[in-house]
Amino acid sequence: MEVDITLRVDGEDRPLRVDTRTTLLDALRERLGVTAPKKGCDHGQCGSCTVLVNGRRATSCLTFAVAHEDDEVTTAAGLADGDRLHPVQQAFLDHDGYQCGFCTPGQICSAVGMLDELKKGWPSHATADLTGPVDADDDEIRERMSGNLCRCGAYAGIVAAIREAAR
Ligand code: FES
Ligand code: FES
C-alpha cells in the first residue's frame, strides 16, 4: 500500500509517495536523494545510517518513513549553519576522525545526539556516579558511540574529536 507523506528533512518539507514498508533510510536516499546517511548493514548493526529525529539519534534503516511525518529529521548534511560547520563536524576535521568517510555522517549525528544526552545527565552503562553530572570522558564516549562502527578503525580520532566538541 502506498501513501502520500511529507518528511521534514534538514529544515525542508519534502513531499513523497511511499510504500508503507519503506524505511526512513530508503526514503531519504532512494526517493529524496538525501545521501548523507549511508546504508552499511541495513540491519541496525553498524550505525552508518544514523540521523537525528527530533534531536535524538536513530538508525534510519530500522524505522519506517511513514512513522515520521511530523518529525524533524536532521542528517549530518543539515547540521552546518550555512558555511559554518557544526562544532562536532569541525572537531572531526581537526582530529582526523575519519579515513574513507563512509561511516562519518552517522558518527557525527550520533556524536551530536550523545553530547545532548550527556548534557541532559542521562547515564550510560559506563557512568560510575549516577548522582551527579555526567563527564564526557573517553570511557563514556566509547560506550555511547559503540553502536557506530568504523571499518577504517579511525576510533582514536573519533574519540578525540568528541572529547574536544564536548568542551
Ligand atoms: S545501515 Fe542502519 S545500522 Fe547499518
Ligand atoms: S572512516 Fe572509513 S568506515 Fe569509518
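Asker: Explain helix α3 (residues 104-119) to me, and be specific about the residues and the numbers.
Answerer: Counted at 1.5 Å a residue, the expected span for α3 with its 16 residues is 22 Å, and the 22 Å between its end C-alpha atoms agrees. Burial within α3 is extensive, with 14 of its 16 residues counted as buried.

Asker: Go over the sheet that holds strand β4 (residues 56-59), please, and point to the residues and values.
Answerer: Strands sit in the order β2-β1-β5-β3-β4 across an open sheet of 5 strands; the sheet is mixed. The open sheet is flanked by β2 (12-19) and β4, the only strands paired with a single partner. On average, adjacent strands in this sheet sit at an angle of 40° to one another, irrespective of strand direction. The sheet contacts of helix α1 (residues 24-31) involve β1 (2-9), β2, β3 (50-53) and β5 (72-74), and relative to β2 the element is tilted by about 105°. Where α3 meets the sheet, its contacts fall on β3, β4 and β5, and the angle it forms with β3 comes to roughly 40°.

Asker: Tell me what's going on with the pairing of β1, and back it up with residues and numbers.
Answerer: Pairing analysis gives 8 bridges linking β1 to β2, with the strands arranged antiparallel. Paired with R8 across the strands is D13, a residue of β2. In this antiparallel pair of consecutive strands, β1 and β2, the connection spans 2 residues, and D10 shows a positive phi of 50°. Direction of pairing for β1 relative to β5: parallel, over a ladder of 2 bridges. Opposite R8, over in β5, you have E72 as the bridge partner.

Definitions and cut-offs
Residues numbered from 1 in each chain as written. Chains lettered and ligands numbered in written order. Predicted model: local features only at pLDDT ≥ 70, side-chain atom pairs only at ≥ 80, totals over all residues. Heavy atoms only, no water. Helix = DSSP H or I, 4+ residues; strand = E, 2+ residues; numbered from the N terminus. Expected span 1.5 Å × (residues − 1). Buried < 20%, exposed > 50% of the residue type's maximum accessible area, 1.4 Å probe, protein only. Pairing = 2+ DSSP bridges. Axes fitted to C-alpha atoms, helices over the stretch in contact; angles between N-to-C directions. Contact = heavy atoms within 4.5 Å.

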